[in-house]
Amino acid sequence: MDREKLLEGKKLAARINQIVKNEVLDFQKAFSFAPVLCAIQVGDDKESSLYLEFQQKIAKKLSIGYKVKKLDADIQRVDLIAVIEELNCDSTINGIILQLPLPDHLKANDIRICLDPLKDVEGVHPENLGKIILNEDGLAPCTACAVMELLDNININLYGKEAVIVGHSAIVGKPLAAMLLNDFCTTTICHIATSERGLLAEHVKRAEILVVAVGKPGVVKGEWIKKDAIVIDVGINYVDDKIVGDVEFEKAYERAAYITPVPGGVGPITVALLMRNLLKAAKQQKQEGK
Ligand code: NAD
C-alpha cells in the first residue's frame, strides 16, 4: 500500500497535539492555570463512554483539565439546562461538551442553544455555526474542521474544485459545505433523498473532493470514485467487531489520489481539534475578562 496516498489522521493529530501542548504550557505560565474541559453525559451510552475515555486520555497528555458531569438518563430538560447554566458561569470551566446521544425526551438543539457560545468547544451553538456562513472566526465544529485540516495538509488548491459531500448533518455536512464554499469550491451536498432518487452515483462520480459522513458501510461504491479524487471518509461503522467507514475502501483506494483510512483518518484529528478549540476558547475568555 502506497503510504503517501493514505491521509493518516494520526500523524496530523500528533502534530496538532504537540502545538496545543506547547501553547497550553504558555497559557499556564501566563494565567497560572491550565484550561479545563467539562463533558456532560446524560445516561450511560457505551460508545459515548468510550469516546469520553479517549478525550480524557488526550486531555491528560496535553495537560488539559478534564471533568465529567454524569447525569441520570431521566433528567428533565429544565434541570439539564440548570447544569449548563451553572457551567456557563463557572470561571474554572473553559469548555463544555454535551455528549450525544441524549435520551429521547431531550432534543440536542434545544439544549445546545443554552451553551455559552464562548465555551461551546464543539461549535454546535447557532452563533458559532452562523459565523461559518459569514466566514468569521469562531469555534467551529471539530469534524468539519478536521476535514479542512486534512485538505490543507496536502496543500490542495480548493478554488473552483468540484466538492461533493454525502451527509447533511448540522455538525458535519452542512458546516463543511459552508467552509468549502468559503474557499470557492463548487459544492454539492447529497443525502438520503439523493440516494432514494438514484442520483448518488452520478454526483459522486463528479467529485474531485469527496467527503462522506453517513454512517452506512459501503454507501459509496469504490467504482464511483473519480480517478485521482481526494476521498475523506468520516463514517464510523461497527461491522463484525471491526470499525469501517462509509466508502468501499479497496476499490476506492485504487482510483483515489488520496484517501483516509477508517479508523485512523478523521477521528483522531477531531479530538485534537476539540482540544485546540478549548485552548482558543480559554484565550478568548481571558481577553474578554471572564
Ligand atoms: P447523521 O446521522 O446526523 O446524518 C446522516 C446523514 O446521512 C444524513 O444527511 C442522511 O440524509 C444521510 N444519509 C443516510 N442514508 C443515506 C444514503 N443511503 N445515501 C446518502 N445519504 C444518506 O450524521 P453525522 O452525525 O454527521 O454522522 C455521520 C457518520 O459520521 C456516522 O458514522 C458518525 O459516526 C460519523 N462521525 C464521525 C466523526 C469522526 O470524528 N470521525 C464525527 C462525527 C460523526
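As shown above, the structure is provided for reference.
Residues numbered from 1 in each chain as written. Predicted model: local features only at pLDDT ≥ 70, side-chain atom pairs only at ≥ 80, totals over all residues. Heavy atoms only, no water.

### Things to note about the site of the ligand
Working step 1: Taken together, 20 residues surround the ligand, and among them His-168, Ser-169, Ser-195, Lys-216 and Thr-270 come closest.
Working step 2: Here an oxygen atom of the ligand and a side-chain polar atom of His-168 are 2.5 Å apart.
Working step 3: With respect to the ligand, the side chain of Thr-270 contributes an N or O atom lying 2.9 Å from an oxygen atom.
Working step 4: Out of a free accessible area of 860 Å², the ligand has 74% covered by protein chains.
Working step 5: Elements represented by at least two residues in the shell around the ligand include exactly α8 (192-196) and α11 (266-287).
Working step 6: For the shell around the ligand, the per-class residue count stands at 9 nonpolar, 10 polar and 1 charged. (Near = heavy atom within 4 Å. Polar contact = N/O pair within 3.5 Å; in protein donor to acceptor, adjacent residues only side chain to side chain. Areas by Shrake-Rupley, 256 points an atom, 1.4 Å probe, with all protein chains shown as cover. Helix = DSSP H or I, 4+ residues; strand = E, 2+ residues; numbered from the N terminus. Nonpolar A, V, L, I, M, F, W, Y, C, P; charged D, E, K, R; others polar.)

### Some remarks on the sheet that holds strand β4 (residues 162-166)
Working step 1: Reading across the sheet, the 5 strands line up as β5-β4-β6-β7-β10 and stay open at both edges, with parallel pairing between neighbours. Both outer strands of the open sheet, β5 (186-190) and β10 (258-259), are each paired with one neighbouring strand and no more.
Working step 2: Bridge count between β4 and strand β6 (residues 209-212): 4 bridges; the pairing is parallel. Its bridge partner being in β6, Ala-163 is matched across the sheet by Ile-209.
Working step 3: Against the sheet, helix α6 (residues 142-153) touches β6 and β7 (230-233), its axis set at about 150° to β7.
Working step 4: Where helix α7 (residues 173-182) meets the sheet, it contacts β4, β5 and β6, and its direction lies at approximately 170° from that of β5. (Pairing = 2+ DSSP bridges. Contact = heavy atoms within 4.5 Å. Axes fitted to C-alpha atoms, helices over the stretch in contact; angles between N-to-C directions.)

### Describing the environment of Tyr-253
Working step 1: In this structure, Tyr-253 sits in helix α10 (residues 249-255).
Working step 2: Among the residues examined, Tyr-253 registers a relative accessible area of 13% and is labelled buried.
Working step 3: Separated by 239 residues in the primary sequence, Tyr-253 and Ala-14 place their C-alpha atoms 24 Å from one another. (Buried < 20%, exposed > 50% of the residue type's maximum accessible area, 1.4 Å probe, protein only.)

### A few points about the nonpolar core
Working step 1: In this structure, Leu-151, Leu-180, Ile-232 and Met-275 are the most contacted members of the largest nonpolar core, which totals 57 residues.
Working step 2: With 11 residues, α11 is the largest single contributor of residues to this core.
Working step 3: Among all residues touching Met-275, those that are not within four sequence positions of it are Val-20, Leu-37, Gln-55, Ile-58, Ala-59, Leu-62 and Ile-64.
Working step 4: Formed by 21 residues, the second largest nonpolar core is a distinct cluster that contains Val-42, Ile-84, Leu-98 and Ile-111. (Core = buried A, V, L, I, M, F, W, Y, C linked by side-chain atoms within 4.5 Å.)

### Thoughts on the sheet that holds strand β1 (residues 36-42)
Working step 1: An order of β2-β1-β3 is seen for the 3 strands of this open sheet, with the pairing classed as parallel. Looking at which strands have only one partner, the edges of the open sheet turn out to be β2 (65-71) and β3 (95-98). With strand direction ignored, the average angle separating the axes of adjacent strands in the sheet is 20°.
Working step 2: Its contacts with the sheet place helix α2 (residues 46-61) against β1, β2 and β3, and it is angled at close to 160° to β2.

### What about the pattern of salt bridges?
Working step 1: Applying the stated criterion across every chain, the model contains 8 salt bridges.
Working step 2: Two residues, Lys-280 and Asp-137, come together in a salt bridge whose shortest N-O distance is 2.7 Å. Separated by 143 residues along the polypeptide, Lys-280 in helix α11 and Asp-137 in the loop between α5 (126-133) and α6 bring together distant segments of the chain.
Working step 3: A salt bridge links Arg-276 to Glu-149; its shortest N-O distance comes to 2.9 Å. (Salt bridge = Lys/Arg side-chain N within 4 Å of Asp/Glu carboxyl O.)

Function-wise, these values are silent; they only describe arrangement.
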